[in-house]
Amino acid sequence: MRSMISFAAGLVFGAGLLVSRMVDPAKVLNFLDFTRQWDPSLAFVMGGGLLVASLAFGLARRRSRPFAGISFPALPRHGITVRLVAGAGLFGIGWGLVGLCPGPAIVNLASLSLPVIVFIVAMAVGMLGFELWQQRASMRVAA
C-alpha cells in the first residue's frame with residue numbers, strides 16, 4: 001500500500017511538473033533572468049506547492065500516524081547550519097546554471113536528451129561522492 005501511495009504521489013508530482021512546463025530548462029532560466037525575458041510563472045508554481053504542502057502539514061499535525069505508515073519520521077531540529085546553507089547554495093548554483101533540479105531532470109529522462117542524461121549522471125556522482133565523504137568523516141570522528 002505504501003509503495004502504491006508513493007508511486008501515485010510521484011505521478012502527480014511529475015504530471016504537475018509537465019503541466020506547469022517546469023521540465024523546460026529555458027522556462028526556469030527565464031524566471032531566474034530578470035534582465036531579459038523574465039517569466040514569473042515559476043513563482044506561481046512555487047506558491048501553489050507551498051499552499052498544498054502547508055495544508056498537508058496542517059492535516060498531518062492533527063493525525064496520530066500517517067495514512068500509510070506506523071509513525072511520522074523524526075525531523076531534525078538543528079535550525080540553519082553551515083551545511084544547510086552550503087547545500088542550498090550549491091543547489092541554487094546548479095539550478096541557475098542548467099535550469100534543472102532533480103525532480104524535473106528525472107521527468108526529463110523520458111526525452112533521452114543527452115544534456116539531461118549528463119545532468120542526472122553528474123547529480124548521481126555528486127550524491128555518491130557526498131555519501132562517501134560523509135562516511136569517511138564519521139569514521140574519523142569515531143576513531
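Residues numbered from 1 in each chain as written. Predicted model: local features only at pLDDT ≥ 70, side-chain atom pairs only at ≥ 80, totals over all residues. Heavy atoms only, no water.

Novice: Help me understand the environment of S20, please; the structure alone is not making it clear to me.
Specialist: Assignment of secondary structure puts S20 in the loop between helix 1 (2-19) and helix 2 (25-32). Its relative accessible area of 18% is what places S20 among the buried residues. Residues S20 and F44, spaced 24 residues apart in sequence, show a C-alpha to C-alpha distance of 9.6 Å. Leaving out residues up to four positions away in the same chain, S20 has contacts with K27 and V45. (Helix = DSSP H or I, 4+ residues; strand = E, 2+ residues; numbered from the N terminus. Buried < 20%, exposed > 50% of the residue type's maximum accessible area, 1.4 Å probe, protein only. Contact = heavy atoms within 4.5 Å.)

Novice: Help me out: how do you make sense of the packing of helix 2 against helix 3 (residues 41-61) in this one?
Specialist: Running from N to C, helix 2 and helix 3 cross one another at 100 degrees; their axes reach a closest spacing of 8 Å. With respect to helix 3, the axis of helix 2 lies roughly perpendicular. Only S41, L42, A43 and M46 of helix 3 make contact with helix 2, whose side of the interface consists of K27, V28 and F31. In the contact of helix 2 with helix 3, the residues fall into five nonpolar, one polar and one charged. (Axes fitted to C-alpha atoms, helices over the stretch in contact; angles between N-to-C directions. Parallel < 35°, antiparallel > 145°, perpendicular 65-115°, else oblique. Nonpolar A, V, L, I, M, F, W, Y, C, P; charged D, E, K, R; others polar.)

Novice: Just checking my understanding: could you explain the pattern of salt bridges for this structure?
Specialist: Side-chain pairing between opposite charges can occur once the charged atoms of the two side chains come close. For the coordinates displayed, the defined rule picks out three salt bridges. The partner of D24 in a salt bridge is R21, with the nearest N and O atoms 3.6 Å apart. Judged by relative accessible area, which is 28%, D24 ranks as partly exposed. For R21, a relative accessible area of 46% translates into the label partly exposed. Here D33 ties to R36 by a salt bridge, and the two come within 3.6 Å at their closest N and O atoms. Given a relative accessible area of 71%, R36 falls into the exposed group. (Salt bridge = Lys/Arg side-chain N within 4 Å of Asp/Glu carboxyl O.)

Novice: Can you help me understand the nonpolar core in this one?
Specialist: Among soluble globular proteins, nonpolar side chains are generally buried collectively. Counting residues in each nonpolar core, the largest one holds eight residues, listed as L17, M22, V23, V28, F31, L42, W95 and C101. Sequence-distant contacts of F31, that is, excluding residues within four places in its chain, are made with W38, D39, P40, L42, A43 and M46. (Core = buried A, V, L, I, M, F, W, Y, C linked by side-chain atoms within 4.5 Å.)

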